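Tertiary structure, described
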Amino acid sequence: MASLNGTFDASGVAPAQPMDPLPAGKYRAHIIESELLPTRSGDGQYLKLVLEVLDGPYARRKLWDQLNLVNASTQTMEIAQRTLSAICHAVGQMQVADSEQLHFKPMLVSVKYEPAGTDKHGVFHQARNKITGYAAERAAPGIVSAAAPRGPAPAPAAAVAAPPRPATATPPWRRSA
């Protein structure tokens, strides 16, 4: 039990609304948090990344990814290293000693929508997003706008990239509401 230091009156605060996953597409985003954590089995480590969408109707929404950098499976580690390399290339940071060097550097993030269902292990999961790729902002021709979900044939206006932003993005704690 936790004391709330008085009585909380929910009638004066709008309730939080559930957030649905983002539509599939490419979004301008940057990494805002990263942490190296042990795997569940305890015999490896993964880099947990928290990304934030920078603009469009989904600005400030969060996305998550994890890279299994230390794992018993060589293939798993190779996939994680290629993904980390893609992030490094996307943000122009070729030599990385600390994941914080990748923070607050805009890039394009390819996002897939996964509907609710049962995974290959028989475990049910809610609808969610999965990051499928990272690219530099200058690789923008033909990207799907963050405002329009990817479909069979996007409208011409949906293929226009967002205008470039300065290379140094403002960290969330320094932004005004």
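For the structure itself, consult the block above.
Read on for a plain summary of the structure. What you see is a predicted model; the values in this text were computed from it and never measured.

Scanning the chain from terminus to terminus reveals one helix and seven strands. Expressed as a percentage of the 177 residues in the chain, the buried residues total 32%. Surface summary for the chain: the accessible area is close to 11600 Å², and the carbon and sulfur share equals 55%.

Right, let's get into helix 1 (residues 74-91). Here helix 1 spans 26 Å end to end across 18 residues, near enough to the 26 Å set by a 1.5 Å rise per residue. Along helix 1, the positions that sit buried rather than exposed are Ala 80, Ile 87, Cys 88, Ala 90 and Val 91. Taken end-on, helix 1 shows its buried residues confined to a sector of 165°, consistent with a single buried face. Residues of helix 1 that are exposed and point over 90 degrees away from its buried face: Gln 75 and Arg 82. Taken together, the buried residues of helix 1 touch strand 1 (25-38), strand 2 (45-53), strand 3 (62-70), strand 4 (107-114) and strand 7 (128-135). One or two residues past the end of helix 1 sits Gly 92, with phi positive at roughly 75°.

What follows covers the sheet that holds strand 3. Taking strand neighbours across the sheet as the criterion, the five strands line up as 3-2-1-4-7 in an open arrangement whose pairing is antiparallel. Only two strands of the sheet have a single neighbouring strand rather than two, namely strand 3 and strand 7. For this sheet, the mean inter-axis angle between neighbouring strands, taken without regard to orientation, is 45°. Note: strand 4 against strand 7, seven bridges, orientation antiparallel. Paired with Leu 108 across the strands is Ala 135, a residue of strand 7. Strands strand 1, strand 2, strand 3, strand 4 and strand 7 of the sheet are contacted by helix 1, whose axis makes an angle of about 125° with strand 3.

Let us now look at the nonpolar core. Ranked by internal contacts, the top residues of the largest apolar core, which has 21 residues, are Leu 49, Leu 51, Leu 63, Ile 87, Met 107, Val 109 and Tyr 134. Elements with a minimum of two residues in this core: strand 1, strand 2, strand 3, helix 1, strand 4 and strand 7. If you tally residues by element for this core, the top one is helix 1, at five residues.

On to unusual backbone geometry. Located in the positive-phi region is Arg 60, a residue other than glycine, with phi close to 75°. Within the element layout of this structure, Arg 60 appears in the loop between strand 2 and strand 3. Residue Arg 60 is classed as partly exposed on the basis of its relative accessible area, which comes to 42%. Of note, Phe 104 is a non-glycine position whose phi angle comes to about 60°, a positive value. By secondary structure assignment, the location of Phe 104 is in the loop between helix 1 and strand 4. Look at Phe 104 and you get buried, because its relative accessible area is 15%.

Moving on, we get to the environment of Glu 100. By the element assignment, Glu 100 lies in the loop between helix 1 and strand 4. Residue classification places Glu 100 among the exposed residues on the basis of a relative accessible area of 57%. Separated by 66 residues in the primary sequence, Glu 100 and Ser 34 place their C-alpha atoms 6.9 Å from one another.

What counts as what
- Residues numbered from 1 in each chain as written.
- Predicted model: local features only at pLDDT ≥ 70, side-chain atom pairs only at ≥ 80, totals over all residues.
- Heavy atoms only, no water.
- Helix = DSSP H or I, 4+ residues; strand = E, 2+ residues; numbered from the N terminus.
- Buried < 20%, exposed > 50% of the residue type's maximum accessible area, 1.4 Å probe, protein only.
- Areas by Shrake-Rupley, 256 points an atom, 1.4 Å probe, with all protein chains shown as cover.
- Expected span 1.5 Å × (residues − 1).
- Arc of directions from axis to C-beta.
- Contact = heavy atoms within 4.5 Å.
- Pairing = 2+ DSSP bridges.
- Axes fitted to C-alpha atoms, helices over the stretch in contact; angles between N-to-C directions.
- Core = buried A, V, L, I, M, F, W, Y, C linked by side-chain atoms within 4.5 Å.

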